[in-house]
Protein chains: 2
Amino acid sequence: MKRVKVSNNVIRRLPRYLRKLDELSENGVSRISSFDLGQQLGLTPSQIRQDFSCFGEFGQQGYGYNVPALRTQIASIMGMDRGFSAILIGVGNIGRALMDNFCFSEWGFNLSCAFDVKPELIGTEFNGVPIRSIDELEDYIANNPVDVAVLSVPKSVAIPVTERLTACGVEAIWNFTNVELTEPNSNTIVENVHFSDSLLALSYYVSERNDEKAARAARAEKN
Amino acid sequence: MKRVKVSNNVIRRLPRYLRKLDELSENGVSRISSFDLGQQLGLTPSQIRQDFSCFGEFGQQGYGYNVPALRTQIASIMGMDRGFSAILIGVGNIGRALMDNFCFSEWGFNLSCAFDVKPELIGTEFNGVPIRSIDELEDYIANNPVDVAVLSVPKSVAIPVTERLTACGVEAIWNFTNVELTEPNSNTIVENVHFSDSLLALSYYVSERNDEKAARAARAEKN
């Protein structure tokens, strides 16, 4: 696959396309026009054609997109067929929630091991994933492929644990700690999960709706 | 405040601006040009000016933006000064993680109550938030302001709990269940938290970096 530099906005839209295509497949839809796809996603057809053109030509004039083929190609672009391996550090509430409810394999990831400091957790398994002592972290990484570390430790240790991870060659971190880990070094990719971004968007939409309601009520009173 | 229809992309960028402005304030920066702000966020200065122009004029030619004033205005646009009230349904791993680590008040929300079905939780408090029986849900909502319900129940009950919430007038749901709750009715606003979107973006960036490394290695071998 030829790799061209793709804008972050396009990359952030790809998972939404993927979800929509899965939904279409489940509903037995096997082809869709850029017009219909756009309508369902709140995007213009030209936006959609432009997004996909970053990766080559998927659609066919007058035919539209083949849903399973497009799904396969987007999954491949996202790296879901590369068999990435992940470890998880910190089996607290959020770590447990991920191990319990988040299906890593659905997204092409193998969660191979988790690490914690609590003696009562070490040596146990959670949903088939073994939990080891954090003391074994370096040794484990030296002997197993680790593409991504999921960081779900308490805030206070986020930075030292990140330093340990990068020191032994882990180059991608999925960060749930709310501590900004801005590029520990130039080789490290950090993806921060900010719950607040999502809550603030919701807050915006609720404010907007309340204002619209108030405006409608004011107009009704005037009439 | 005059309210104009703002694109979703702008709304999704506002929390990032907010975080950056907080970081600048912490570092003692009190004014910043659209050029510098753009550089730090990976956006063009004209993009930034365009985003802010949706809400009126914030900057001053040749002076730049006043950091605390801009922060206040964005916070107000996002509804953070409206004193929204939230309840949380489902005190499992993700519910606990939110109650434990997520600072609702920092984002202008008051988390007033949580609900669960487990007898051992009912009547207790978690981080100062009382946990009540889900049987009391309707009664609580009838007697207290509830702007947003945080949905962190098991998947299997996501739809019935949503129906109960909307039936008693809750019009905004922050959905952590991974079940797509697409507009239970036209009055309800649903904000879905998709961890997978974030993991897939990370997966993309790791794939891209691996490909670049492989290309560099191939070139080095040829030379």
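Figured I'd write up the structure that's included with this text. (Residues numbered from 1 in each chain as written. Chains lettered and ligands numbered in written order. Predicted model: local features only at pLDDT ≥ 70, side-chain atom pairs only at ≥ 80, totals over all residues. Heavy atoms only, no water.)

## Describing the sheet that holds strand 4 (residues 109–116) of chain A
Residue and element names in this part refer to chain A.
Then comes step 1: Spatially, 5-6-4-3-7-8-9 is the arrangement adopted by the seven strands of the open sheet, whose pairing is mixed. Two strands lie at the open edges of the sheet, namely strand 5 (125–126) and strand 9 (189–192), each paired on one side alone.
Then comes step 2: Across two bridges, strand 5 lies against strand 6 (residues 129–133) in antiparallel orientation. Residue pairing in the sheet places Glu 125 in a bridge with Pro 130 of strand 6.
Then comes step 3: Each of strand 3 (84–89), strand 7 (148–151) and strand 8 (172–175) is contacted by helix 7 (residues 158–167), which is oriented at about 170 degrees to strand 7, the strand it contacts most. (Pairing = 2+ DSSP bridges. Helix = DSSP H or I, 4+ residues; strand = E, 2+ residues; numbered from the N terminus. Contact = heavy atoms within 4.5 Å. Axes fitted to C-alpha atoms, helices over the stretch in contact; angles between N-to-C directions.)

## Considering the interface of chain B and chain A
Accessible area lost on assembly of the parts is the figure often given for the size of an interface.
Then comes step 1: Between chain B and chain A, the contact holds 62 residues from the first and 62 residues from the second.
Then comes step 2: Taking both sides of the interface into account, the surface hidden between chain B and chain A amounts to around 5800 Å²; carbon and sulfur atoms contribute 60%.
Then comes step 3: When the buried area of chain B at its contact with chain A is split by residue, Leu 199, Leu 200 and Tyr 204 of chain B rank highest and sum to 12% of it.
Then comes step 4: Put simply, chain B and chain A have eight salt bridges between them.
Then comes step 5: Residue Arg 82 of chain B is joined to Asp 211 of chain A by a salt bridge in which the shortest nitrogen-to-oxygen separation is 3.0 Å.
Then comes step 6: Applying the counting criterion to the chain B and chain A interface returns 22 residue pairs in polar contact (both at pLDDT 80 or more).
Then comes step 7: Within the residue set of the side of chain B that touches chain A, elements represented by two or more residues are helix 1 (8–26), helix 5 (93–101), strand 8 (172–175), strand 9 (189–192) and helix 8 (195–222) of chain B. (Buried area = accessible area lost by both parts, 1.4 Å probe. Salt bridge = Lys/Arg side-chain N within 4 Å of Asp/Glu carboxyl O. Polar contact = N/O pair within 3.5 Å; in protein donor to acceptor, adjacent residues only side chain to side chain.)

## Some thoughts on helix 4 (residues 67–77) of chain A
Because an α-helix packs 3.6 residues into every turn, residues spaced three or four apart end up facing the same way.
Then comes step 1: All buried positions along helix 4 of chain A are accounted for by Val 67, Leu 70, Ile 74, Ala 75 and Ile 77 of chain A. Buried residues along helix 4 of chain A cover an arc of 160 degrees about the axis, so they all sit on one side.
Then comes step 2: On its buried side, helix 4 of chain A packs onto helix 1 (8–26), strand 1 (31–32), helix 3 (45–53) and strand 2 (65–66) of chain A together with helix 8 of chain B.
Then comes step 3: Backbone geometry just downstream of helix 4 of chain A places Gly 79 of chain A in the positive-phi region, at approximately 85 degrees. (Buried < 20%, exposed > 50% of the residue type's maximum accessible area, 1.4 Å probe, protein only. Arc of directions from axis to C-beta.)

## With respect to the packing of aromatic side chains
Then comes step 1: Tallied over the entire structure, the rule returns 23 aromatic pairs over all chains.
Then comes step 2: Ring geometry for Tyr 204 of chain A versus Tyr 205 of chain A: centroids 5.8 Å apart, planes at 85 degrees, classification edge-to-face.
Then comes step 3: Under the relative-accessibility criterion, Tyr 205 of chain A is labelled buried at 16%.
Then comes step 4: Seen in terms of ring centroids, Phe 52 of chain B and Tyr 65 of chain B are 5.3 Å apart; in terms of plane orientation they differ by 85 degrees. Their pairing is edge-to-face. In this pair, Phe 52 of chain B sits in helix 3 (residues 45–53) while Tyr 65 of chain B sits in strand 2 (residues 65–66), placing the two residues 13 residues apart along the sequence. Of the two residues examined, Phe 52 of chain B and Tyr 65 of chain B, each falls in the buried class.
Then comes step 5: Clustering of aromatic rings is evident, with ring pairs tying together Phe 102, Phe 104, Trp 174, Phe 176 and Phe 195 of chain A together with Phe 102, Phe 104, Trp 174, Phe 176 and Phe 195 of chain B.
Then comes step 6: Above the face of the Phe 126 of chain B ring, Arg 96 of chain B is positioned so that its terminal group lies 5.8 Å from the ring centre. (Phe/Tyr/Trp six-rings, centres within 6.5 Å; stacked < 30°, edge-to-face > 60°. Lys NZ or Arg CZ within 6 Å of the ring centre and 35° of its normal.)

## A look at the relation of the copies chain B and chain A
Then comes step 1: When chain B is fitted onto chain A, the two copies agree to an RMSD of 0.0 Å after a turn of 180 degrees and an axial shift of 0.0 Å. Between the two chains, the operation in question is that of a two-fold axis. When C-alpha distances to the rotation axis are compared across chain B, the minimum falls at Asn 93 of chain B, with a value of 2.4 Å.
Then comes step 2: Of the interface residues in chain B, 98% have counterparts in chain A that sit at the interface too, so the contact is made through matching surfaces. (Least-squares fit on C-alpha atoms with pLDDT ≥ 70 in both.)

## Thoughts on the sheet that holds strand 7 (residues 148–151) of chain B
All names here are of chain B.
Then comes step 1: With mixed pairing, the seven strands of this open sheet are ordered in space as 5-6-4-3-7-8-9. The outermost strands of the open sheet, each flanked by one partner alone, are strand 5 (125–126) and strand 9.
Then comes step 2: In the sheet, strand 7 pairs with strand 8 via three bridges, with the strands oriented parallel. Among the inter-strand pairings, Ala 149 is bridged to a residue of strand 8, identified as Ile 173.

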